[in-house]
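# Coordinates in review
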Amino acid sequence: MELTSWNIPVLALRGLTVFPHMNLNFDVERPMSVRALEHAMENDQRIFLVTQREVGVAEPQEKDLYPVGTVSRVVQILRLSPTSVRVMVEGEHRARLKRLWQTSPYLQANVELLPEEIPSEAFSRSPRTEALLRQTINLFGEYAQQVGGIPEELQAAVLDCRDLGYLADYIAQNISIRPGDKQEILEETNPFLRLKRLNDFLARENDVLGFEKEMEGKVRGQLERSQREQILRTQIRVMQNELGETDDDDEIETYRSRIKELALPEETEEHLLKEVNRLAKQPFGSAEAAVCRNYLDVCLEMPWNVTTRERLNVAAARKILDRDHYGLQKVKERILETLAVRQMNPEGKGQIICLVGPPGVGKTSIAISIASALNRKLARLSLGGVRDEADIRGHRKTYIGAMPGRVVEAISRSGSMNPLLLLDEIDKLGNDYRGDPASALLEVLDSEQNNSFRDHFLEIPLDLSRVMFITTANTTSTIPRPLLDRMEVIELSSYTDEEKLQIARRHLLPKEMAEHGLKKTQLRVSDDALRAIIRDYTRESGVRQLERQIAALCRKTDMRLLTSTVKRVSITEKDLHALLGPARNPPALHTEQEEIGVVNGLAWTEAGGEILEVEVNVTEGSGKLELTGNLGDVMKESVQAALSCLRSRTAQLGIAGDFYKTKDIHVHFPEGAVPKDGPSAGIAIATALTSALTGRKIRAHLAMTGEITIRGRVLAIGGLKEKTMAALRNSVRTVIIPNDNVRDLDEIDQTVRAGLNFVPVTTVDEVLAAALAPQPVTVQPPAPEEPAAAFAPAREGNENAALRQ
């Protein structure tokens, strides 16, 4: 073939590559490909065979074909059917596709022959070439051994060949590698590089075949072991049946005898025996048999008819509660009353108590103490974040991985049918598409119907009436009403500073010293230091932060004892700055000084009481009212109500009657990142507005709480105990409260009552009289006498009396 470039028919191959000097048979079905073969046979029998990039393209264009193919001679065509032929071709030369200039009725292109690089005689005999040939032979031998079925004449031809280029083409034509890899070999014209590239593909293919063979061996080995074990077990079972010695019969009889020994109620016993009979009928190794065994094992692990002897001794229980907890007198009394009822009527129904209080006040620990006082087994269930009803009632036993609910699991874990179950964080239950676990608890916590509780897994009645349930929560607002109605709520309020001091001295400090390896003689913390920690380094209702600060002191003590020669460390209040850093909770900024437009309100949170400052600024303007501080709708309405109340009293208060038109008022609640809502800041807002509009200062060491109406009445609020504790912590001396909350003062700790002066009020006029400082003498003339008289209770006349009606 003298021509280096000419027009020639093209046959596009799918998943097939033809190399020079190789013979190949393949079938052709596409009409365009058949016409290309016929045209080649009518001329010089030459055709250009090139591989498609994508096998799925039915009518390829130039972009769908690889750029390099093989000019081949059509040796023979055999027609298999009217639409398909089988062709034998012989590859001759590599060629590059220059342009595909015809696509119908068959492909025809202009191609250019690629010259073959012939290595020199010296290069062919070089050690490098010999090493490459040996590598190729070894890799091909390994490939043939792993694949199997390679003809011996093919292996012999590879061993005898010394032509690098031919050897690469020969092996590539006769092995199964990816079409893209074959195309890379075809496009390489340098024989040495071509054979080297083939070796890379062979090495990779050998690794893949090795991994496939290894995985196939593992799978086959597992199947063989499983089949062998199954055959052996079947043979053993047949022989045991022949001898009358079957393990299954022993297992069934064991289940039956265990059920009989439990002396269960008739319904429960019949149900379990029915499951045993079902297990006996199951074929060996069946999935249903495994389900039955698991179900029977779970049921028989329950502590049926096992109870602990309850210690019904009120005096002993009181000692245990006093030993484990300081304070909480009302809570202890309520629990002891429950024990007294149990002592008088041991057969009474189980009590369901809900301990509600801020974090860290000892709800969980007091439940543990109750279990110890009653001599009951304790099992704790954490309900925080539970969203699936099946966590309470369990899953049906037919499901894969089915298990009983948490209540049944806790009873089984406790080993007693009369344990104390502690349902922790019941206010943090969730719900979603899987059900409402709070609704599932309705039956569990109902003493009238929980004597026949049915778990979805057990499917047999379970008596929960002897179980004592104690739940804990931080707030009752998120507990569904039907569930809350089934529980007796006992509120645990915040600790006073004196109670925290005693708790730290009696419980926290000894505990942390023991955990940090300190003896009593090695660390001494003064009461003043503990009070300073409580006041300046913690601001909480419970004692968790206090415990962490004491732990920090113990760590510092360990370091000092190990790195110096001191044998004992004494910590006083002046040492705290060096050990714990600067005070984290400095006193309130506006508590100890008189200011205009700044009032200390009192707020209740889940963590206890807090000081809620109210700031009001009045400027010349057009009557705009701006509210900031991340306020809720109820608090915004309180500002509007206070403003409306003051507008009705402008003459009494000495405020310009058109202030709502000529003044811009800005009401701000500091700590703007914290959401705030509720009506109890009403009188604080009204007092701050009055102070800012009249220029009167607010008395120092004063705080207040109460809801206000547009008529000036002061309504009752909640959380008075926590709010007053917060006031005492922040150096407040006088607290203005609604008159309707006077009855709540009996519940306030005596330390708080002794440290605060309570001023009950019924109208906003009484609030202003108690909160605003006297009018300065040096006021701008003329100084109206009416507003000053309005704030003096001794001069209160019929007009003020009418306003209170």
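Residues numbered from 1 in each chain as written. Predicted model: local features only at pLDDT ≥ 70, side-chain atom pairs only at ≥ 80, totals over all residues. Heavy atoms only, no water.

## Points about the overall build of the chain
- Looking only at helices and strands, one finds 30 helices and 24 strands in the chain.
- Its C-alpha atoms give the chain principal-axis dimensions of roughly 130 × 95 × 70 Å.
- Looking at the 805 residues of the chain, the share that counts as buried comes to 47%.
- Of the contacts formed within the chain by residues at least 6 apart in sequence, a portion of 73% connects residues at least 24 apart.
- When the accessible surface of the chain is totalled, it reaches about 41000 Å², and 49% of it is carbon and sulfur.
- Where the 102 positive side-chain charges of the chain centre and where its 117 negative ones centre are 5 Å apart. (Helix = DSSP H or I, 4+ residues; strand = E, 2+ residues; numbered from the N terminus. Buried < 20%, exposed > 50% of the residue type's maximum accessible area, 1.4 Å probe, protein only. Contact = heavy atoms within 4.5 Å. Areas by Shrake-Rupley, 256 points an atom, 1.4 Å probe, with all protein chains shown as cover. Lys, Arg positive; Asp, Glu negative; His and termini not counted. Charge placed at Lys NZ, Arg CZ, Asp CG, Glu CD.)

## Quick notes on the pairing of strand β2 (residues 23-28)
- Side chains Leu24, Phe26 and Val28 of β2 all project onto a buried face; the interleaved residues Asn23, Asn25 and Asp27 project onto a face where none is buried.
- In terms of strand pairing, β2 meets strand β5 (residues 84-102) through six bridges, oriented antiparallel. Bridging across to β5, Asp27 finds its partner in Arg86. (Pairing = 2+ DSSP bridges.)

## A look at unusual backbone geometry
- Following Ser104, the chain continues into Pro105 via a peptide bond in cis, with omega recorded as 0°.
- Turning to its location among the elements, Pro105 is positioned in the loop between β5 and β6 (107-113).
- Of note, His21 is a non-glycine position whose phi angle comes to about 65°, a positive value.
- Here His21 is to be found in the loop between β1 (5-13) and β2.

## A short note on the packing of helix α25 (residues 682-694) against helix α28 (residues 764-771)
- Between α25 and α28, whose axes approach to 10 Å, the crossing angle comes to 60°. On the basis of the axis angle, α25 is oblique to α28. As α25 runs across α28, the sense of the crossing is right-handed. Facing α25, whose interface residues are Ile683, Ala686, Thr687 and Thr690, α28 presents Val764, Val767, Leu768 and Ala771.
- Split into classes, the residues belonging to the contact of α25 with α28 amount to six nonpolar, two polar and no charged. (Axes fitted to C-alpha atoms, helices over the stretch in contact; angles between N-to-C directions. Parallel < 35°, antiparallel > 145°, perpendicular 65-115°, else oblique. Left-handed = near helix turned anticlockwise from the far one by under 90°. Nonpolar A, V, L, I, M, F, W, Y, C, P; charged D, E, K, R; others polar.)

## Overview of the environment of Phe48
- Of note, Phe48 is situated in strand β3 (residues 46-51).
- Linking Phe48 and Asn7, residues 41 residues apart in sequence, is a C-alpha distance of 9.6 Å.
- In this structure Phe48 touches Ile8, Pro9, Val10, Leu11, Val68, Gly69, Thr70, Val71, Ala95, Leu97 and Val111, once residues within four positions along its chain are discounted.

## Section: the nonpolar core
- Core analysis: the largest hydrophobic core is formed by 53 residues, its most contacted members being Ile426, Leu441 and Leu445.
- It is helix α10 (residues 287-301) that contributes the most residues to this core, seven residues altogether.
- Non-local contacts of Leu445, meaning those with residues more than four positions away in its chain, are made with Ile352, Leu423, Ile426, Phe469, Thr471, Leu483, Arg486 and Met487.
- Among the nonpolar cores identified, the runner-up in size contains 51 residues, and Ile320, Val525, Leu546 and Ala552 belong to it. (Core = buried A, V, L, I, M, F, W, Y, C linked by side-chain atoms within 4.5 Å.)

## Digging into the pairing of β3
- Summarising burial for β3: six of the six residues are buried, a large majority.
- Of the two faces of β3, the one lined by Arg46, Phe48 and Val50 and the one lined by Ile47, Leu49 and Thr51 are each fully buried.
- As paired elements, β1 and β3 share four bridges and run parallel to each other. For Leu11, the partnering residue across the bridge sits in β3 and is Leu49.
- Of the pairings in the sheet, the one linking β3 to strand β4 (residues 68-81) comprises four bridges and is antiparallel in character. The residue of β4 that forms the bridge with Phe48 is Val71.

## Examining helix α5 (residues 164-174)
- Within α5, nine of the eleven residues are buried, which leaves it mostly tucked inside the rest of the structure.
- Every buried residue belonging to α5 is among Leu164, Gly165, Leu167, Ala168, Asp169, Tyr170, Ile171, Ala172 and Gln173, and all of these are buried.
- If you check the start of α5, you find a side-chain oxygen 3.2 Å away from the backbone N of Gly165, and it comes from Asp163. (Polar contact = N/O pair within 3.5 Å; in protein donor to acceptor, adjacent residues only side chain to side chain.)

## Notes on the confidence of the model for the chain
- Looking at the chain, the pLDDT average stands at 83 and 92% of residues meet or exceed 70.
- Predicted confidence is poor over residues 786-805, with pLDDT under 50, and the contacts of this stretch with residues over four places away or in other chains come to 24 contacts. (pLDDT = per-residue confidence, 0-100.)

## Some details on the packing of helix α3 (residues 127-147) against α5
- Taken N-terminus to C-terminus, the directions of α3 and α5 make an angle of 15°; their axes are 12 Å apart at the nearest point. As the angle between them shows, α3 and α5 are arranged roughly parallel. Between α3 and α5 lies a crossing whose hand is left-handed. For the pair formed by α3 and α5, the contact residues are Thr129, Leu133, Thr136 and Phe140 on the first element and Leu164, Leu167 and Ile171 on the second.

## Quick look at the packing of aromatic side chains
- Inspection of every chain in the model, using the stated rule, returns three aromatic pairs.
- Seen from their ring centres, Tyr166 and Tyr170 are 5.8 Å apart, and the 20° between their planes marks the pair as stacked. Separated by four residues within a single helix, Tyr166 and Tyr170 lie in helix α5, roughly one turn from each other.
- A relative accessible area of 32% places Tyr166 in the partly exposed class.
- Under the relative-accessibility criterion, Tyr170 is labelled buried at 17%.
- A ring pair is formed by Tyr295 and Phe457, whose centres lie 5.8 Å apart and whose planes are at 50°; its orientation type is tilted. Of the two residues, Tyr295 is situated in helix α10 and Phe457 in the loop between β10 (453-454) and β11 (461-462); the sequence distance between them amounts to 162 residues. (Phe/Tyr/Trp six-rings, centres within 6.5 Å; stacked < 30°, edge-to-face > 60°.)

## Topic: the sheet that holds strand β8 (residues 378-382)
- Taken together, five strands build an open sheet; the order of strands is β8-β9-β12-β7-β13 and the sheet is parallel. With one partner strand each, in any of the chains shown, β8 and β13 (488-491) form the two edges of the open sheet. Taking the axes of each pair of neighbouring strands and ignoring which way they run, one obtains an average angle of 20° across the sheet.
- In terms of strand pairing, strand β7 (residues 352-356) meets β13 through four bridges, oriented parallel. If you follow Cys354 over to β13, its bridge partner there is Val489.
- The strands that helix α12 (residues 329-344) touches are β7, β12 (468-473) and β13; relative to β13, the one it contacts most, it runs at about 150°.

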